[in-house]
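Here is how the chains run, residue by residue.
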Amino acid sequence: MSLSKPDVPAPVAPAAVAPVASEPAAVGTAGLGLPPGLPEPTLPVKRPRRWLPLLLAIVVVGGSALGMLGYLGWKIGPLAFGVGLSAALLPVPVLVAAFLWLDRYEPEPPKLLVISFLWGAFPATLLALGVNSFFSGWLNVVTLPDTVVATVVAPFIEELGKAAFPLWILWRRRRELSGITDGIVYCGLSGVGFAMVENILYLGGHGFYTGNEQWGPYSGAQLVFGMFLGRILISGFAHPLFTSMTGIGIGIAARSASSWVRWCAPIGGLLLAMILHGSWNLMATLSAEISPYFFLYGYIAVMVPVFLSMIGVALWVRAREGRLALQVLPAYAMAGWLTPPEVAAMGTLSRRNAARVWAKRVAGDPGRKAMKQFQFAATRLALVRDGMNRGLDVSAADRDRSATEERDLLQVLSTARAAFVGRDPQVPPAFFDGTAYRMTFPDGVARTVPMPAEPVVPVPVLLPPPAPAYPTYPGYPYPPQPHYPPQAA
């Protein structure tokens, strides 16, 4: 089931404009690559919930949380635990908000985002604590030098633990991954959760608990402040940055039809995350044992450029979802499901925001919510159709699922559009049939207007007269003169 993409140029990127009403009832499935005889799209049907994976995730995450928090409370005491928790929580809202801001085009299910964060916070940290303690001489079974544990064992097991749940999403819920952005978001949130719990241990245990035991609470507070500057303000991005490398590999694998890429991309991203993590720990180890300049030079020469490059990559791949909409959705406009202005308004976040502002102006808050739903469905539609064109669905069941989702999303577009079209008094009644506009002019006659070269609304709009440039005072100005003849009802 493939969509024959029309040979048309990519839409020009104008400023956001108000969508023109279309007539979904008059449009069939012709031109969309759907089999003949299928019914018109229906509203999305509720699929049975998968309770077992969710229950298993709750049990694993909940049990790990109880184990990890119980261990920290017993190891460092309630007071140090409270101090460490308070300090470690401060950067979490900022980091989480940054990843959610990155995921604005097609927000991921909140359930999976929350589990990703909690997975990194508790199961991953509990696994890392157990394995690192084992290789450090726990139970006197295996004993490795602390340097080897910090630079080899810890990066391997910590990055593998943080990436376990995002890798599970790739394995079992690949349709939830729309690209590199989603991989970065899932892995980044897991890294934020891991860093939060690790900071509780360092700030509360190695900081306040150690200082309070040796020199009193004032010294403990000083150590906490110093560690806060180093671990959070200077290097608080470290764990999310490392794990985001795995996220890039996961995102590449999710949008590739090659089985070779699906296997190698996540492994390559995971290895890169481990190498960066090991290099970071090695710099800290050499700085403590030889000279502090090792960490300073490594931080400036390696980690800061990597961090800035990662920000650039994240912003570039996020904008890809807008570019993808401009590449894929014109085929639906030619089939009559969308209008060119609606497609053009999907290209950037600023245009999408302008469309929501317009929808709220003409239809109130329900119109804004409908426009938000419309934009989400259109973005998802572009991703689904792009996956079908790429051949990501390898089985017949996957292809049927994509076709069903495509029809459902088309119906969602039509339903959401009905909340805000035809409500702007400055836009005459009009609809787009895939090749031209059918508009009712002020004289009451409906005429066909050819589609212009640029995706703008080709409708004469009567604007209010400009405000006078001279000041006003009592008794002035005179009643304004009309600039345009009155529009026929």
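What counts as what
Residue numbers run consecutively from 1 along every chain, following the written order of its sequence. Restriction of local features to residues with pLDDT of at least 70 applies here, the model being predicted, together with a cutoff of 80 or more for giving and counting side-chain atom pairs; totals for whole chains, interfaces and linings are based on all residues. To obtain the side-chain values, all non-hydrogen atoms of the structure were included, while hydrogens and water were left out. In this text, helices come from DSSP runs of H or I with a minimum length of four residues, and strands from runs of E with a minimum of two, each type numbered from the N-terminal end. Residue contacts are counted whenever heavy atoms from the two residues lie within 4.5 Å of one another. The accessible surface values rely on the Shrake-Rupley method and a 1.4 Å probe; as for residues, cover is taken only from the protein chains in view. Salt bridges are counted wherever a side-chain nitrogen of Lys or Arg sits within 4 Å of a carboxyl oxygen of Asp or Glu. Residue exposure (1.4 Å probe, protein chains only): buried if accessible area is under 20% of the type maximum, exposed if over 50%, otherwise partly exposed. Think of it this way: a Phe, Tyr or Trp ring, Trp meaning its six-membered ring, pairs with another when their centres are within 6.5 Å, and the plane angle makes it stacked under 30 degrees, edge-to-face over 60, tilted otherwise. Definition used: whenever NZ (Lys) or CZ (Arg) falls within 6 Å of the ring centre and also within 35 degrees of the ring normal, the charge is taken to sit over that ring. Whether two strands pair comes down to DSSP finding at least two bridges between them.

**What about the overall build of the chain?**
Consideration 1: Counting secondary structure elements, the chain contains 14 helices and 3 strands.
Consideration 2: A separation of at least 24 residues holds for 75% of the contacts in the chain among residues at least 6 apart in sequence.
Consideration 3: If you sum the accessible surface of the chain, you get close to 24,700 Å²; carbon and sulfur atoms cover 68% of it.

**Here's the deal with the pattern of salt bridges**
Consideration 1: Evaluation of the coordinates by the stated rule reveals 15 salt bridges.
Consideration 2: Between D386 and R255 there is a salt bridge, and its shortest N-O distance comes to 2.9 Å. Placement of the pair is D386 in helix α13 (residues 349-390) and R255 in the loop between α8 (238-254) and α9 (259-289), with a sequence separation of 131 residues. The pair formed by D386 and R255 is uniform in burial state, with each residue classed as buried.
Consideration 3: Among the salt bridges present, the one from K369 reaches D365, with a minimum N-O distance of 3.6 Å. Pair noted here: K369 and D365 are both in helix α13, with a separation of 4 residues, about one helical turn.
Consideration 4: When its relative accessible area of 32% is taken as the criterion, D365 is described as partly exposed.
Consideration 5: If you follow the salt bridges from partner to partner, you end up with E106, R175, R380, D393 and E405 in one network.

**Some words on the environment of S86**
Consideration 1: Secondary-structure assignment places S86 in helix α1 (residues 51-89).
Consideration 2: Residue S86 is classed as partly exposed on the basis of its relative accessible area of 48%.

**Focus: the side chain of S402**
Consideration 1: Tracing the backbone through its elements, the reader meets S402 in helix α14 (residues 396-417).
Consideration 2: Once residues within four sequence positions are removed from consideration, S402 is found in contact with R175, V384, M388 and D393.

**Some details on the packing of aromatic side chains**
Consideration 1: Within the structure shown, the criterion is met by 14 aromatic pairs.
Consideration 2: Geometrically, the ring pair formed by F134 and F135 is edge-to-face, given 5.3 Å between the ring centres and 90° between the ring planes.
Consideration 3: Judged by centre distance (5.8 Å) and plane angle (25°), the ring pair of Y293 and Y297 falls under stacked. In this pair, Y293 and Y297 are both assigned in helix α10 (residues 293-328), 4 residues apart and thus about one turn of the helix distant.
Consideration 4: Judged by relative accessible area, Y293 falls into the partly exposed class, the value being 48%.
Consideration 5: By relative accessible area, which is 55% here, Y297 ends up exposed.
Consideration 6: Connected via pairs of aromatic rings, a cluster forms that spans F237, F242, W280, F295, Y299 and F307.
Consideration 7: Lying over the aromatic face of W171, R172 brings its terminal NZ or CZ to 5.3 Å of the ring centre.
Consideration 8: Here the guanidinium or amino end of R231 rests over the ring plane of Y202, the centre of that ring lying 4.0 Å away.

**Observations concerning the pairing of strand β3 (residues 446-450)**
If a strand is regular, its side chains alternate between the two faces of the sheet.
Consideration 1: Bridge count for strand β2 (residues 436-440) against β3 is 5 bridges, and the pairing is antiparallel. The partner of M439 across the bridge, within β3, is R447.
Consideration 2: Counted between consecutive antiparallel strands, the loop separating β2 from β3 contains 5 residues, among which G444 sits at a positive phi close to 90°.

**What to know about the environment of Q373**
Consideration 1: Mapped onto the fold, Q373 is located in helix α13.
Consideration 2: The exposure class of Q373 is partly exposed, given its relative accessible area of 44%.
Consideration 3: Spatially, the C-alpha atoms of Q373 and V412 are 8.1 Å apart, while their sequence positions differ by 39 residues.
Consideration 4: Excluding its chain neighbours within four sequence positions, the residues that come into contact with Q373 are V412 and A416.

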